[in-house]
Amino acid sequence: MKKAVLGISAFYHDSAAALIIDGDIIAAAQEERFTRKKYDSSFPVNAIKYVLDESGINSESIAAVAFYEKPYIKFERLMETYHTFAPKGMISYLSAMPVWLKEKLFMKQNLRKQLKDFGLSKTPLLFPEHHLSHAASAFYPSPFNDAAIITLDGVGEWATTTIGKGNGRDISILRELSFPHSLGLLYSAFTYYCGFRVNSGEYKLMGLAPYGDPDSREKNDIKQKILTELVDIRDDGSLLLNMKYFDYATGLKMVNEKKWEKLFGIPKRDSETEINKTYMNMALAIQEVTEEVVLKLAATARNLTGCTNLVMAGGVALNCVANGRLVRENIFNNVWVQPAAGDAGGALGAALCAWHLGFSEQRTADAASDKMRGSYLGPEFTDSDIERIIRKYEASATHYDNFDLLCDKVAALMDDGNVIGWFQGRMEYGPRALGNRSIIADPRNHDMQKKLNLKIKFREGFRPFAPSVLYEDIQQYFNFKNPTPYMLMVAPVTENWRKPVPDNYAAMELYDRLYFQRSTLPSITHVDFSARIQSVHKETNPKYWQLISAFKKKTGIGVIVNTSFNVRGEPIVCRPEEAYRCFMSTNMDYLVINNFLFDKKEQRQDIEWKSAVGID
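Residues numbered from 1 in each chain as written. Predicted model: local features only at pLDDT ≥ 70, side-chain atom pairs only at ≥ 80, totals over all residues. Heavy atoms only, no water.

Q: Break down the overall build of the protein for me, with residues and values.
A: Of regular secondary structure, the protein possesses 21 helices and 21 strands. Referenced to the eigenvectors of the C-alpha coordinate spread, the extents of the protein come out at roughly 65 × 65 × 50 Å. Counting over 616 residues, the protein shows a buried share of 60%. Counting contacts in the protein only where the partners sit at least 6 residues apart, residues at least 24 apart contribute 71% of the total. Accessible surface, the protein as shown: approximately 24400 Å² in total, 49% of it carbon and sulfur. Taken together, the 75 basic and 74 acidic charged side chains of the protein have centroids lying 2 Å from each other. (Helix = DSSP H or I, 4+ residues; strand = E, 2+ residues; numbered from the N terminus. Buried < 20%, exposed > 50% of the residue type's maximum accessible area, 1.4 Å probe, protein only. Contact = heavy atoms within 4.5 Å. Areas by Shrake-Rupley, 256 points an atom, 1.4 Å probe, with all protein chains shown as cover. Lys, Arg positive; Asp, Glu negative; His and termini not counted. Charge placed at Lys NZ, Arg CZ, Asp CG, Glu CD.)

Here you go:
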């Protein structure tokens, strides 16, 4: 009989479930994709149901259920922190305790109650530590038999950063940095102060950073204040935060706003207000500090482990700018980052911990490929599912028996300036759309970046877009030679695709810089001539590879724009109906689901249809 492990992450943010059978990753998904509640932290009922259904196994085959952290140790940290800072933090303490006493302190009982509906109430429960789950999610699916491991996030139980080593089936943690000293929380503090939401706006801060002026006195002054007043960074990458400036340990806010305003000379930015140059320089300053810490940690990991391979996980590992710089520094021969690096990936890591460490099962690595299946681990849908949508909404759709002809048609539509919703196969696991739940377009179109942000995604205009590029063509467009299938590395656009910029370019206002024609591929070239690259491989996503190849045949360019199939405030679409509703409620021009091409121009626009999809 097959032997399976179910992994779960829940109750903080980005809940998820993952299932492995005989050590192979079979299915994984975030709960948000099913509930349509972004960063859903609830028990992942829908994700568990999906991974069990996808596997086809019964509850008797589940050898263990693994939860991604140890609640009792987390509670210990909470209590000790409040005791240390008392009487400060009493309001936060009184608000946190009822939730812990009701839901989290008795986690084992609560989990068994939740698992009863799946026939798993008596299945053994395992609780690996938070950062061990991250480490396992990074090492075990990687293509390396041995590797240094770095995990970086806000905080788990006590740990905020770890350095470890993986060898075969074994993982050992060699160094650990403890709460409240945290690179992730430092970065989130600046996310908060620059007017973005913590735990979801960090990638916005990263996207804002290139608008700062790297040579300006203001940026250098902010950076110097960070390094002298806020954080003491040691040569090994460890750090100490000056806690008089931070309130997250016991308060209800990330920072002491009065002290930050006195230190930096600007108040906290309110959400949705104008972003001036100072906030851009602040974003750049903390990004530079973050990169320096990551490089120091990497050097320490190399010296401690002697390994030439590095794997990474944790929320900070999603900082693809830092990742790209790490690769270019050549501290390691190879760098691999878990595509679901945040807490959602903890579900997979917990399951792998149970398999390799709990059950002492052997592991084999394939140097040619990782084990994430291109991260296409979510649900897929049949033509019958799509035909129901067509009937329900009386949609206008054409079915192509020949996928080659469909790719040729879509390539021509993009060449004509159209924006396409592209929905194929299994949904991605992790925060990035990788060509199965994507919105795609022509990167040569100068107006496309603006159109996608303001008329399709309904989000901040400064946000950049990623290129999907045929792996075999990657060096033609970017100063990068490694595979990067999970969109986790930023690299420069090569000189031959760039256009000259004026001498005052760095000092120009945000949108003047943004809309300046600086590249032959303007829609995927950020203001600092960088791009967050997804290399597309025929082996892992043949349909997406075929589409880009058709676009290359049509235009001579083996690159397209790829952004996630959702609008601001919503998770990436999961089901065909969600894709269709998103398509009809935005300015997307066409939608492809499997071999069906939907044409909005021929779609009914009457009141009855608008009522059905909830549009006034």
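Q: Any chance you could break down the state of the cysteines for me, citing the residues and the numbers?
A: By definition, a disulfide is the covalent link that joins the sulfur atoms of two cysteine residues. Within the structure shown, the criterion is met by 0 disulfides. No disulfide involves C582; its sulfur sits 13 Å from the nearest other cysteine sulfur, which is in C574. Since its relative accessible area comes to 6%, C582 is described here as buried. (Disulfide = S-S within 2.5 Å.)

Q: Before we move on, can you summarise the sheet that holds strand β6 (residues 146–152) with the specific residues and values?
A: Taken together, the 5 strands give an open sheet; going across it, the order is β8-β7-β6-β11-β12, and neighbouring strands pair in mixed fashion. Two strands in the sheet have a free side with no partner beyond their single neighbour: β8 (170–178) and β12 (334–337). Going from strand to strand, the sheet's axes swing by 20° on average, the running direction of each strand aside. In terms of strand pairing, β6 meets strand β11 (residues 309–313) through 4 bridges, oriented parallel. Across the sheet, residue I149 finds its bridge partner in β11, namely V311. (Pairing = 2+ DSSP bridges. Axes fitted to C-alpha atoms, helices over the stretch in contact; angles between N-to-C directions.)

Q: Account for the environment of L19, with residues named and values stated.
A: Following the sequence through the fold, L19 ends up in strand β2 (residues 16–21). A relative accessible area of 0% places L19 in the buried class. Among residues more than four places away in sequence, those in contact with L19 are A4, V5, L6, D24, I25, I26, A27, V51, L52, S55, I57 and I62.

Q: Kindly report on the nonpolar core, identifying the contributing residues and their values.
A: Judged by nonpolar contacts, the single largest core of 211 residues is most densely connected at L6 and F246. A per-element tally of this core places helix α11 (residues 277–305) first, with 14 residues. (Core = buried A, V, L, I, M, F, W, Y, C linked by side-chain atoms within 4.5 Å.)

Q: Can you break down helix α6 (residues 130–139) residue by residue, with the values?
A: With respect to burial, α6 is a largely interior element, 9 of its 10 residues being buried. For α6, every residue scored as buried is listed here: H130, H131, S133, H134, A135, A136, S137, A138 and F139. Structurally, α6 contributes buried residues whose contacts are with β6, β7 (159–167), β8, β11, β12 and α13 (343–358).

Q: Residues and numbers for the pairing of β11, please.
A: Most of β11 is tucked away: 5 of the 5 residues are buried. Alternating positions in β11 separate into two faces, N309, V311 and A313 on one and L310 and M312 on the other, with burial throughout. Inspection of the sheet shows β11 paired to β12 by 4 bridges, in the parallel sense. If you follow L310 over to β12, its bridge partner there is V335. Running through helix α12 (residues 320–329), the crossover from β11 to the neighbouring parallel element β12 is right-handed. (Right-handed = clockwise from strand over helix to strand, strands pointing away.)

Q: Would you mind going over the environment of R513 in detail, with residue names and values included?
A: Positionally, R513 belongs in helix α18 (residues 510–514). Taking relative accessible area as the criterion, R513 reaches 4% and is therefore assigned buried. Contact partners of R513, with chain neighbours within four places excluded, come to P210, Y211, G212, K277, Y505, A506, M508, R518 and V527.

Q: I'd like a description of the packing of helix α15 (residues 403–415) against helix α19 (residues 542–555), backed by residues and values.
A: Relative orientation of the contacting elements α15 and α19 amounts to 55°, with a least axis distance of 8 Å. Classified by the angle between their axes, α15 and α19 sit oblique to one another. α15 and α19 meet at a crossing whose hand is right-handed. Of α19, the residues touching α15 (which contributes F403, D404, C407, D408, V410, A411, A412, M414 and D415) are K543, Q546, L547, A550, F551, K554 and T555. Here the contact of α15 with α19 is composed, by residue class, of 9 nonpolar, 2 polar and 5 charged. (Parallel < 35°, antiparallel > 145°, perpendicular 65-115°, else oblique. Left-handed = near helix turned anticlockwise from the far one by under 90°. Nonpolar A, V, L, I, M, F, W, Y, C, P; charged D, E, K, R; others polar.)

Q: So, the pairing of strand β3 (residues 24–30): which residues are in play, and what are the values?
A: β3 sits mainly inside the fold: 6 of its 7 residues count as buried. Pairing of β2 with β3, which is carried by 6 bridges, proceeds in the antiparallel orientation. Paired with I20 across the two strands is I25, which belongs to β3. Between β2 and β3, which pair antiparallel one after the other, the connecting turn spans 2 residues, and D22 there sits at a positive phi close to 50°.

Q: Describe the side chain of S15, with residues and values.
A: Take S15: it is sitting in the loop between β1 (4–9) and β2. Take S15: its relative accessible area is 1%, and that puts it in the buried class. A polar atom in the side chain of S15 sits 2.9 Å from the backbone oxygen of S41. In this structure the side chain of S15 is engaged in a polar contact, spanning 2.8 Å, whose partner is the backbone oxygen of S42. (Polar contact = N/O pair within 3.5 Å; in protein donor to acceptor, adjacent residues only side chain to side chain.)

Q: Can you break down the packing of helix α14 (residues 383–393) against helix α20 (residues 576–584) residue by residue, with the values?
A: Close contact between α14 and α20 brings their axes to 9 Å; oriented N to C, the two are set at 45°. The pairing of α14 with α20 is recorded here as oblique in orientation. As for how α14 packs across α20, the hand of that crossing is right-handed. From α14, I386, I389, K392 and Y393 reach across to α20, where they touch P576, E577, Y580 and R581. Tallied by class, residues from the contact of α14 with α20 come to 5 nonpolar, no polar and 3 charged.

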